[in-house]
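The chain contents come next:
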Amino acid sequence: MLSGRRLDLLDPSPFDVEIEDIAHGLARVARWNGQTIGPHSFSVAQHSLLVEAIAQHTLLELSPRTALVVLLHDAAEYVIGDIISPFKAVLGDAYKGVEARILAAVMLRFGLPPEIKGAVRRLTKDADAIAAWHEATTLAGFSIEEAERFFGRPVRLPKPILALLDPWTTEKAQSAFLARFAALAGDEGGIGGNS
């Protein structure tokens, strides 16, 4: 990693995870394999911000800790990239295992549960599907019917959240991700600091 950390993909340690590496990587990983409109790719960092904003909108009393879990839901992709769902299915359990171990290390690094479970998992999946529907129809050329088939019925979102669908530069996505992380992590037990 650019921080100088070395992350073992098969046995990742929380001690080798830095938020700056995550933000840097996610801001450079394109959603939809880069097949989106606009002068910039729509990054996983920006997608993560969108999903967290949708979760906040859906559940108005979201705690900062839960919001942080949602923000980091795709954090493993800073190392392994964003692989489209059909290809993930082909790769099978080996890929899922690597992804789960990296995500667990990320979550543990910031004092969060190693696995997203229960109501938080459902909230994250729902917000992720809503984001995917809007990304698909706004950025990736899907018809409404196609998007409904893959991601479910559309959910109306307020303009400030819809504004997150305008692809940003890499620098803006990285900076915004780091700022949101800092706002949610606060000073809880050193979450977010370099150690």
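Please refer to the structure placed before this passage.
Please read all numbers here as calculations on a predicted model, not as lab measurements. (Residues numbered from 1 in each chain as written. Predicted model: local features only at pLDDT ≥ 70, side-chain atom pairs only at ≥ 80, totals over all residues. Heavy atoms only, no water.)

### Focus: the overall build of the protein chain
Scanning the protein chain from N- to C-terminus turns up 10 helices and zero strands. Reading the helices (α) and strands (β) of the protein chain from amino to carboxyl end gives α-α-α-α-α-α-α-α-α-α. Its C-alpha atoms give the protein chain a radius of gyration of 16 Å, near enough to 16 Å, the size a compact globule of 195 residues would have. Dimensions of the protein chain along its principal axes, counting C-alpha atoms only, are 45 × 40 × 35 Å. Among the 195 residues that make up the protein chain, the fraction classed as buried is 46%. In the protein chain, 19 side chains carry a positive charge and 24 a negative one; their mean positions are 3 Å apart. (Helix = DSSP H or I, 4+ residues; strand = E, 2+ residues; numbered from the N terminus. Rg over C-alpha atoms; globule rule 2.2 N^0.38 Å. Buried < 20%, exposed > 50% of the residue type's maximum accessible area, 1.4 Å probe, protein only. Lys, Arg positive; Asp, Glu negative; His and termini not counted. Charge placed at Lys NZ, Arg CZ, Asp CG, Glu CD.)

### With respect to the packing of aromatic side chains
Per the stated rule, a full pass over the model turns up six aromatic pairs. Judged by centre distance (6.1 Å) and plane angle (45 degrees), the rings of F142 and F151 are tilted. On the basis of relative accessibility, which here comes to 24%, the residue F151 falls in the partly exposed class. Ring geometry for F150 versus F151: centroids 6.2 Å apart, planes at 50 degrees, classification tilted. The class of F150 is exposed, set by a relative accessible area of 55%. Among the aromatic residues, those joined into a cluster by ring pairs are W32, F142, F150 and F151. (Phe/Tyr/Trp six-rings, centres within 6.5 Å; stacked < 30°, edge-to-face > 60°.)

### A look at the packing of helix 2 (residues 44-58) against helix 7 (residues 118-138)
At a minimum axis separation of 8 Å, helix 2 and helix 7 run at an interaxial angle of 120 degrees. Comparing the axis directions of helix 2 and helix 7 gives the class oblique. The hand of the helix 2/helix 7 crossing is right-handed. Where helix 2 abuts helix 7, its residues H47, L50, V51, I54, A55 and T58 lie against L123, T124, A127, D128, I130, A131 and E135. Considering only residue class, the contact of helix 2 with helix 7 consists of eight nonpolar, three polar and two charged. (Axes fitted to C-alpha atoms, helices over the stretch in contact; angles between N-to-C directions. Parallel < 35°, antiparallel > 145°, perpendicular 65-115°, else oblique. Left-handed = near helix turned anticlockwise from the far one by under 90°. Contact = heavy atoms within 4.5 Å. Nonpolar A, V, L, I, M, F, W, Y, C, P; charged D, E, K, R; others polar.)

### Focus on the environment of R28
Position of R28 relative to the elements: it lies in helix 1 (residues 19-28). According to the relative accessible area criterion, R28 is partly exposed, its value standing at 42%. Sequence separation between R28 and G81 is 53 residues; the distance between their C-alpha atoms is 9.2 Å. Setting aside anything within four residues of it in sequence, one finds R28 in contact with T170 and Q174. Within the structure, the side chain of R28 is placed 3.0 Å from the backbone oxygen of H24, a separation counted as a polar contact. (Polar contact = N/O pair within 3.5 Å; in protein donor to acceptor, adjacent residues only side chain to side chain.)

Just distances and angles here, no functional claims.
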